[in-house]
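# Coordinates in review
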Amino acid sequence: MTDSFQDMLKLIRDLTRTLEDLTDTQKAVAAAVRTDDLEKLGECMKKEQALSLALRNADQRRVKLQTKLGLENIRLAELPEHVPDEALRQEIKAAGEALNTQYSVLQGAAEVARSALECSLHEVEGMMTNLGFDPVQTREHTASVSGAHTDFHA
């Protein structure tokens, strides 16, 4: 059973590193938008997709580990209470706190990136309007022609 808790500790640490990578990517998105670097922005979006896949895989691992430990309905904050070994309990508690902290940092970076993207979008729409195009009509026409509509959330 201790091995399964060790695996859970490794998973929590892996998740923290993935969130750190996502945070760095969100910062890079904001920087790319500020410098109008579309190539860098494209690279960031590809990296975000890969990191999203890593998060999905980690969640699948988490579900399997929680099932193996019989802790299916246990939240991260409650996990240390179920660890039999005191030293491992403290490690899991610290790792969980680090994960929560990193998640908060990611949320802040994502908000900055989202704001930068929205501001840039408003600038583009303003330029389109100045050129005589209706951005809303153009967006609707593009979506209907392509048959798809993308709702992007940073």
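Residues numbered from 1 in each chain as written. Predicted model: local features only at pLDDT ≥ 70, side-chain atom pairs only at ≥ 80, totals over all residues. Heavy atoms only, no water.

## Regarding the pattern of salt bridges
What counts here: Each reported salt bridge corresponds to a side-chain nitrogen of Lys or Arg within 4 Å of a carboxyl oxygen of Asp or Glu. Strands are runs of DSSP state E lasting at least 2 residues, helices are runs of H or I lasting at least 4, and numbering of each runs from the N terminus.
All chains considered together, the criterion is met by 8 salt bridges. Put simply, Asp14 and Lys10 hold a salt bridge, and the shortest N to O gap is 3.0 Å. Of this pair, Asp14 and Lys10 both sit in helix H1 (residues 2-34), 4 residues apart, which is roughly one turn of that helix. We note a salt bridge from Arg62 to Asp59, for which the minimum N-O separation is 2.8 Å.

## Notes on helix H2 (residues 38-69)
Threshold: Expected helix span is taken as 1.5 Å per residue step, with the number of steps being one fewer than the number of residues. Residue burial is assigned from relative accessible area. The probe radius is 1.4 Å, only protein chains are included, and a residue is buried under 20% of its type maximum, exposed over 50%, and partly exposed in between. The definition of a polar contact used here is a pair of N or O atoms within 3.5 Å, where within protein one atom must be able to donate a hydrogen and the other to accept one, and adjacent residues in sequence count solely through side-chain atom pairs.
For H2, which comprises 32 residues, the first-to-last C-alpha distance of 46 Å matches the rise-based estimate of 46 Å (1.5 Å per residue) to within 8%. Along H2, the positions that sit buried rather than exposed are Leu41, Cys44, Glu48, Leu51, Ala58, Leu65, Gln66 and Leu69. Between the side-chain oxygen of the N-cap and the backbone nitrogen of Glu39 there are 3.3 Å, and the N-cap of H2 in question is Asp37. Gly70 occupies a position one or two residues after H2 and carries a positive phi of about 70 degrees.

## Digging into the environment of Ser52
Relative to the helices and strands, Ser52 is located in helix H2. Sequence separation between Ser52 and Thr18 is 34 residues; the distance between their C-alpha atoms is 9.0 Å.

## Concerning the confidence of the model for the protein chain
Rules: pLDDT runs from 0 to 100 and stands for how confident the predictor is about each residue. The contact criterion used throughout is that any non-hydrogen atoms of two residues lie within 4.5 Å.
The predicted model of the protein chain averages 87 in pLDDT, with 86% of residues at 70 or higher. Here residues 149-154 scores under 50 on pLDDT; set against residues more than four positions off or in separate chains, the count is 8 contacts.

## Side note on the environment of Thr16
Position of Thr16 among the secondary structure elements: in helix H1. With a relative accessible area of 10%, Thr16 lands in the buried category. With 80 residues separating them along the chain, Thr16 and Gly96 place their C-alpha atoms 8.7 Å apart. Setting aside residues no more than four positions away along its own chain, Thr16 makes contact with Ala95, Ala98, Leu99 and Gln102. A polar contact of 2.9 Å, which involves the side chain of Thr16, links it to the backbone oxygen of Ile12.

## Observations concerning the nonpolar core
Quick reminder of the rule: The term nonpolar core refers to a set of buried residues drawn from Ala, Val, Leu, Ile, Met, Phe, Trp, Tyr and Cys, joined through side-chain atoms within 4.5 Å.
Phe5, Met8, Leu11, Ile12, Leu79, Leu88 and Ile92 are the most contacted members of the largest nonpolar core, which totals 20 residues. Those elements that provide at least two residues to this core are H1, H2 and helix H3 (86-130). At 8 residues, H1 tops the list of elements feeding residues into this core. Leaving out residues up to four positions away in the same chain, Leu88 has contacts with Thr2, Phe5, Gln6, Leu9 and Val83. Core analysis: the next-biggest nonpolar cluster, separate from the first, contains 9 residues, Val29, Val33, Leu41 and Cys44 among them.

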